[in-house]
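Each chain is listed here by its residues.
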Amino acid sequence: MSLIHIASVLLFLQRFSIINSQNVIPEVTIQVLNPKGIKVFLPENAENLPITSFLFDGLLYKENATISPSNVDRAIWGFGAKVKTGGWLFQDPLVEIKVNQRIFYHIFVSTGHGEVGQPNGDGIANFTLPGYTNSNRLYIVNSLVDPSAPSPDCRKTVTKVRGKRVCSGETIFEDNFDTFREDFWQIAHYIPIDHPEHPFVSYQRLQSNPTVVVENGNLRISPKLQQDLFQRQNKSILSGTLDLTSGCTELRTCSMSSIGVDIVPPVVSGRVTSARFAFTYGKIYVRAKLPQGDWIYPEILLEPLSKKYGSLNYASGVLKVAMARGNTDVNNERYSNNWLIGGPILNSRCRNALEFYHKKIEGDQFWGDEFHEYSLTWSPDEIVLEVDGEEWGRYTPGATGLRSWLPASCRGDWFELLNNGGIMAPFDDHFYITLGVAVGGIVEFADGLSTGDQIPKPWRNRGRKAGFSFWQDKENWYPTWSTPDLLVDYVKVVAL
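This structure is a prediction, so every number in the text was calculated from the model and none was measured. (Residues numbered from 1 in each chain as written. Predicted model: local features only at pLDDT ≥ 70, side-chain atom pairs only at ≥ 80, totals over all residues. Heavy atoms only, no water.)

Trainee: Quick question: what am I supposed to make of the sheet that holds strand E22 (residues 267–269) here?
Mentor: Each strand in a sheet pairs with another by means of backbone hydrogen bonds, the pair being arranged parallel or else antiparallel. If you walk across this open sheet you meet the 3 strands as E16-E22-E19, and the pairing is mixed. Lying at the two open borders of the sheet, with one neighbouring strand each, are strand E16 (201–203) and strand E19 (224–225). (Pairing = 2+ DSSP bridges. Helix = DSSP H or I, 4+ residues; strand = E, 2+ residues; numbered from the N terminus.)

Trainee: How should the state of the cysteines be read in this particular structure?
Mentor: Note on terminology: disulfide describes a covalent bond linking the sulfur atoms of two cysteines. Overall, the coordinates contain 2 disulfides when judged by the stated rule. Across the disulfide from Cys248 sits Cys254; the S-S distance is 2.1 Å. Its torsion about the S-S bond being -90°, the disulfide of Cys248 and Cys254 is classed as left-handed. With relative accessibility at 9%, the residue Cys254 sits in the buried group. Assigning the bonded cysteines of the chain consecutive numbers by sequence position, one obtains the connectivity 1-2, 3-4. (Disulfide = S-S within 2.5 Å. Buried < 20%, exposed > 50% of the residue type's maximum accessible area, 1.4 Å probe, protein only.)

Trainee: It is not clear to me how the pattern of salt bridges should be interpreted in this structure. Could you clarify?
Mentor: Two side chains with opposite charge may pair up if their charged atoms get near one another. Per the stated rule, a full pass over the model turns up 20 salt bridges. Residues Lys283 and Glu386 are paired through a salt bridge, measuring 2.7 Å at the closest nitrogen-oxygen approach. Highlighted residues: Lys283 in strand E25 (residues 282–289) and Glu386 in strand E31 (residues 383–387), separated in sequence by 103 residues. Under the relative-accessibility criterion, Glu386 is labelled buried at 16%. (Salt bridge = Lys/Arg side-chain N within 4 Å of Asp/Glu carboxyl O.)

Trainee: Help me understand the side chain of His106 in this model?
Mentor: On the secondary structure map, His106 appears in strand E8 (residues 102–110). With relative accessibility at 12%, the residue His106 sits in the buried group. Of note is the side chain of His106, whose polar atom sits 3.0 Å from the side chain of Asn136. (Polar contact = N/O pair within 3.5 Å; in protein donor to acceptor, adjacent residues only side chain to side chain.)

The structure is reproduced here in structure tokens:
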């Protein structure tokens, strides 16, 4: 230090405004490395003190020596750094410590910022710092730890990440969308024929006027009309063929032709998945502005990677982080944009088997008016939904799990596979992140709805020509698509 001179560690501590407290400061974890190095981890304080710094002050004694000034080998002291998993970590990578040596130490945590006093006669300024210290502790080195072993700041977690070891509190995935990360996301390019909600869309990666783009620090996913793309090729949505074979991301559903009322999906949309990242248990945060426009809805999902409980109709489950349908004016408020929905979903046939959580926004606002932070905490015991830090839904399967009370009408061939999982089955597998925009479909909008202008929903969910009827009503729904894009500011996943 230049202006502040510290003659010794003890003198340094004497300058602090110290309160001795055994209960305020948590116990540290000490890890001595082989052949050199020491790490000292101070976890987050249970008293929620505003800790601004952490000082470890220790004396290393000679091997098998008694505690006396003449047996001191060297001092080990210094400030720790704040770590991303929570807490503080002091490290000295060069000190060599042997088994049976002893470390006599105490720690100091500051709870404010220091002040430099007037210099004394020797020109040395006093430095005061408010905080707490504990009484002296003795640590006997019983073993040395391999440097490749988990650091003491790596607390045990129930979170699992494919191909990686993680620590509690660690951010295991994060994208702020400063640019589009090809190593993070795969843009979907296929026709979702076997999608359980059967939306009236194809997901396409377009080179011109793309459906997926990063701009102004946001991921933007935009639905478009297939007919506008067909017109460039002198084709019609009523008789043309949609061929996505080149670059198709789902081999089963790459091409489709319009035959009669069975037309190709009338809407082109975007969808991205975290193709290289999947996890089990954790907390996901998504700050997003939801789309608005008749019959539009966002996809902010966690979807199963291996589908070990079944591959069709969401038999392996899906977790909806948040969804609000785009209609701003409809005759049933739960189908409008002021009604937030989320939670665990089994499949289109059983979607009401689990409680479907919902939250209405206050006043005359809609969820798509502004950005909100949506989060879902997924643990081995429960699933918790939050928006802007406020809890609004909690799913707890109980000690016997989902299979014990699932209605018989919802059980399929996959049901017996649930016996292979825990109480959270089928929500105990590796899941990946999905972001997208869908339109229409045969699940999300009940029959009998009408818009604020008393225009009835143009298709029937069980009707053979649902997509065709939707397209025929374009003059009514398309003008409402003033803000049809899903905007995502960031996505972050934190280990529990």
